[in-house]
Every structure is written in C-alpha cells, then in structure tokens.
Amino acid sequence: MRDFAQMTSAWQNATHGHGWIAWLDEGGWERTLDTFSPMLPALAVEIAWEVRDPEISVRRLVQAVRKDPILAVNVVRLANSAFSASATTITSLDEAVVRVGTRAVRQLVMAAALTGRLRNPKTYGPNARQLVDHSVGTGYIASFLAEQLGADPDAAFLYGLLHDIGKFVILKLAWNDKPIPPTMGQVRLEACIESRHARVGARALELWRFAEEIRMPVAWHHDPAAAPSHQRSAALAYAANRLAHTYGLGCPADPADLLADPVVINLGLSTPVLARLEAHAPRLQQVAAALAA
Ligand SMILES: [Fe+2]
Ligand SMILES: [Fe+2]
C-alpha cells in the first residue's frame, strides 16, 4: 500500500501543480513560516533590530556591529572605499562609522542581516544571488529617491530591500518546504512567482510583524495605483524597482524611458533627479560588493 506522501505526490502530479498553487493561495504555507530564523539568522535579526533607530549613537552602533566580526570587517572596508576620498586608511570600527556616517552603516547592517542567508542557492535556487543583488540595489535606490522627494529614506530603504521578499518565500517553499510537483515545472513556477510574490511577501512581512508602512509598498510595488493606503510609498517602490532593472542591478539591464511612465511622472521624478541617481550608482555597486564579500 502506498504511503500518504506517495499518494499526495501522485495527486499533485495529476493536478499539474494546481494543488501546490492552491496551497500557496490559501495560505497553507504560513504555518511553515512562523519565525524569522528559518530565513534569517537570529543574531543578524537582533542586530538589524537594534540599529533601526535613526537616532542611534555611534557608540551603540559600533557595539551592535561588533557582535558580527564579518560585518565589522565589511564596514571598515566600506569606509576605506566607497565613502572616502581620503588617503588615510581606516583600521578601527569607531573611525569607520564616523567616516561613513550612521545612516550608511545602519543600511549596510540591515541589508547584510536581512539578506545574509538568502544568497544560498541550495535553499533559494540558482538565481538567489542575483535576486539579492537586485533587492539591495532597489533598497539603495528607494532610499535615494525618498531623500530627493522628501519622503522617509529609512522606511524606503527597508521596503525597497524587501520588495521581492515574496519571491524568496515562494522559492524556499518550492525548493525545500513543500517541493513543487515535477509536472508543474519551472515555467509555471516562474509564472506563479510573478503573479503572487508581492502579496505573499506582504503577508510574510505581516507574520514577521513589519509595520504597514513597509508592507503596503511591498504588496503594491507592481500596481501602486491600486494600493488602499501608502500609495506614494508604493509608487516609490515601483519606481525604485524599475530603476534597478534599468541599471541591470542583479538582472539584465532593461533600458526604458521611465519619464514616460505615468507613475514616475506623478511621483515627481525629473531628469535632474535621475541624473543625480546615475552619478550615485557607482557607489551603490561598491556597497553591494562590500555586502557580497
Ligand atoms: Fe517585484
Ligand atoms: Fe524587483
């Protein structure tokens, strides 16, 4: 007699993955995602949580970063490259934080903490690394745009960084937690990710207790006009994502005339703002490289 697992898999094969997609749509996956730890290391989350405060002192920030030696090395490296034209080489973490500035260090820490495990191809598939690069790039672009447009750059960094977190959730489920039936295939999985990742990501963030100001832009980053609240943040997440695609951050470059896009026009993005972002782009690459080290 066949066991339950075999019967389930036979049923899934017969339904060509409909069962898997229904399970995803109906929230069956939520029970497998009850804590941060499966996707994010506990220490990293603790550090990321500590540095969320924009008013954090240099001393407290240094203490938090020091808990993770790899992170500490990366902050010093960053201070010696992307953020400094000075010839003096920095060796201490205190000096590095002062030179780089607390916001840059806080963003680096949050990006490192929240994406540290997501690069693992065994858990998230062969494109995990590019997807993380795309997420980090979008976080920095969103933060930059927010600064230019008078919005909150810290919130923008987080919703930019996390805008595609639903893709990681679905990939993890498909590769590990409840593998897709073979008959569903890669093409249907990709279509499923495209159509569901924004909603699944927002729901995962809710389970992880992220605030609505972060969840809403994530939920509506492909359709900001339909957002029931936080429409401007959703539009900003949309624009940051499109710009990350334009620059080819973690994906093939897709040159598009963003200034012809009504969402971008309504947001108030102009040629000078985009030119400033372009000048800023090499620094984004250096930050991404420091993170990947
Ligand atoms: Fe997306
Ligand atoms: Fe994206």
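Residues numbered from 1 in each chain as written. Chains lettered and ligands numbered in written order. Predicted model: local features only at pLDDT ≥ 70, side-chain atom pairs only at ≥ 80, totals over all residues.

1. Some thoughts on the packing of helix H13 (residues 212-219) against helix H14 (residues 231-247)
Put simply, the rule is: Think of each axis as a best-fit line through the C-alpha atoms, taken over the contacting stretch in the case of a helix, with angles from 0 to 180 degrees between the N-to-C directions. Put simply, DSSP H or I for four residues or longer makes a helix, DSSP E for two residues or longer makes a strand, and each gets a number counted from the N terminus. Convention used here: angles under 35 degrees read as roughly parallel, angles over 145 as roughly antiparallel, angles from 65 to 115 as roughly perpendicular, and any remaining angle as oblique. Crossings are assigned a handedness: left-handed for a near helix turned anticlockwise from the far helix by less than a right angle, right-handed for a clockwise turn. Any pair of residues counts as being in contact when their C-beta atoms, constructed from backbone geometry, are within 7 Å of one another. For this classification, the nonpolar set comprises Ala, Val, Leu, Ile, Met, Phe, Trp, Tyr, Cys and Pro, the charged set comprises Asp, Glu, Lys and Arg, and every other residue, Gly included, is treated as polar.
Between H13 and H14, the least distance of the axes is 8 Å, while the angle of their chain directions is 55 degrees. Taken together, the axes of H13 and H14 are oblique relative to one another. The handedness of the crossing between H13 and H14 is right-handed. Along the contact surface, H13 presents Glu213, Met216, Pro217 and Val218, while H14 presents Ser233, Ala234, Leu236 and Ala237. Counted by class, the contact of H13 with H14 contains 6 nonpolar, 1 polar and 1 charged residues.

2. Looking at the environment of Met216
Structurally, Met216 is set in helix H13. Between the alpha carbons of Met216 and Ser233 there is a distance of 8.0 Å; along the sequence they are 17 residues apart.

3. Some remarks on unusual backbone geometry
Selection criterion: Three exposure classes are used. Buried residues have 20 or more other C-beta atoms within 10 Å of their own C-beta, exposed residues have 12 or fewer, and partly exposed residues fall in between, all C-beta atoms being placed from the backbone.
Although it is not a glycine, Arg209 sits at a positive phi angle of roughly 65 degrees. The topology assignment puts Arg209 in the loop between helix H12 (185-207) and H13. The backbone of His230 shows a phi angle near 55 degrees, a positive value even though the residue is not glycine. Among the residues examined, His230 registers 22 C-beta atoms within 10 Å and is labelled buried.

4. Focus: the packing of H12 against H13
At a minimum axis distance of 8 Å, the contact between H12 and H13 shows a crossing angle of 165 degrees. Considered as vectors, H12 and H13 are oriented roughly antiparallel to each other. Classified by chirality, the crossing of H13 by H12 is right-handed. Contacts from Ala198, Arg199, Gly201, Ala202, Leu205 and Glu206 in H12 reach Ile214, Arg215, Val218 and Ala219 in H13.

5. Examining H13
By the criterion of burial, H13 is predominantly enclosed, with 6 of the 8 residues buried. Looking at the buried positions of H13, the neighbouring elements they touch are helix H10 (153-161), helix H11 (165-177), H12 and H14.

6. Examining the confidence of the model for the protein
Defined as follows: A residue's pLDDT is simply how confident the predictor is in it, with values from 0 to 100.
Looking at the protein, pLDDT values average 84 and 86% of them are 70 or higher. The spread of mean pLDDT over the elements of the protein runs between helix H1 (residues 4-14), the lowest at 51, and H13, the highest at 96.

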